[in-house]
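# Analysis of the macromolecular model
The primary structure of each chain is shown beneath.
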Amino acid sequence: VQLQAFGGGLVQTGDSLRLSCAASGGAFSTDAMGWFRQAPGKEREFVAAVNWMGGSYYADSVRGRFTISRDNGKNTAYLQMNSLEPQDTAVYYCAAGSVYYSPKILDGNEYSSWGQGTQVTVSS
């Protein structure tokens, strides 16, 4: 699966952004889609994931503010980010993989395909 992430940008605290991840060349409808992020000087961390049945998972730091969704007809996954905070600043990556449930769906090592990343910067 080839993935392309887009939708990042520079916003202010409290603003919203929607990231998109377009997939091609694979079995999108049966793969889990995940979003991960990496801030400067920090390790990559899990943000959110949705399995092929629509079950969603969130990091504690974003639960209630971010919403992950998928449109299998468009081979696209989304991450709606509301109430953005400066600590959300990072490069956001989408990923696809044959995982279904926690805890494996939270683990980036379980994903076989990765997009190129899109920068999200939240100013205070």
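This text follows the structure it describes.
Owing to the predicted nature of the structure, the values given are computational and were not obtained by experimental measurement.

## Looking at the overall build of the protein chain
- For the protein chain, the count of helices and strands is zero helices and 11 strands.
- Along the protein chain, helices (α) and strands (β) appear in the sequence β-β-β-β-β-β-β-β-β-β-β when read from the amino end.
- For the protein chain, whose C-alpha radius of gyration is 13 Å, the value lies close to the compact-globule estimate of 14 Å for 124 residues.
- Taken along the three principal axes of its C-alpha coordinates, the protein chain extends 40 × 25 × 25 Å.

## Section: a nonpolar patch on the surface
- A grouping of Trp52, Met53, Tyr100 and Tyr101 is seen on the molecular surface, where their side chains present a nonpolar patch of about 450 Å² in accessible area.
- Along the chain, the position of Met53 falls in the loop between β5 (45-50) and β6 (56-58).

## Examining the environment of Thr121
- If you trace the backbone, Thr121 turns up in strand β11 (residues 118-123).
- Judged by relative accessible area, Thr121 falls into the partly exposed class, the value being 27%.
- Between the alpha carbons of Thr121 and Trp52 there is a distance of 30 Å; along the sequence they are 69 residues apart.
- In this view, Thr121 contacts Gly9, Leu10, Val11 and Thr89; residues no more than four positions away in its chain are not counted.
- Side-chain polar atoms of Thr121 contact the side chain of Gln119, separated by 3.2 Å.

## Some remarks on unusual backbone geometry
- Between Ser102 and the following residue, Pro103, the backbone shows a cis peptide bond with an omega angle of 5 degrees.
- Tracing the chain through its elements places Pro103 in the loop between β9 (90-97) and β10 (113-114).
- Backbone geometry at Ser83 places phi at a positive 50 degrees, although glycine is not the residue there.
- With respect to the helices, strands and loops of the structure, Ser83 is situated in the loop between β8 (76-81) and β9.

## Some thoughts on the state of the cysteines
- Using the criterion set out here, one finds one disulfide in the structure.
- Between Cys21 and Cys94 runs a disulfide, and the two sulfur atoms are separated by 2.1 Å. In this structure, the disulfide formed by Cys21 and Cys94 twists by about 65 degrees around the S-S bond and is classed as right-handed. On the criterion of sequence distance, the pair formed by Cys21 in strand β3 (residues 17-24) and Cys94 in strand β9 is long-range, its members being 73 residues apart.
- Residue class for Cys21 comes out buried when judged on its relative accessible area of 0%.
- Given the relative accessible area of 1%, Cys94 is considered buried.

What counts, and at which threshold
Residues numbered from 1 in each chain as written. Predicted model: local features only at pLDDT ≥ 70, side-chain atom pairs only at ≥ 80, totals over all residues. Heavy atoms only, no water. Helix = DSSP H or I, 4+ residues; strand = E, 2+ residues; numbered from the N terminus. Rg over C-alpha atoms; globule rule 2.2 N^0.38 Å. Patch = residues over 30% accessible without salt bridge, like charges linked within 9 Å, V, L, I, M, F, W, Y side chains within 5 Å. Areas by Shrake-Rupley, 256 points an atom, 1.4 Å probe, with all protein chains shown as cover. Salt bridge = Lys/Arg side-chain N within 4 Å of Asp/Glu carboxyl O. Buried < 20%, exposed > 50% of the residue type's maximum accessible area, 1.4 Å probe, protein only. Contact = heavy atoms within 4.5 Å. Polar contact = N/O pair within 3.5 Å; in protein donor to acceptor, adjacent residues only side chain to side chain. Disulfide = S-S within 2.5 Å.

Read these as geometric descriptors, not functional statements.
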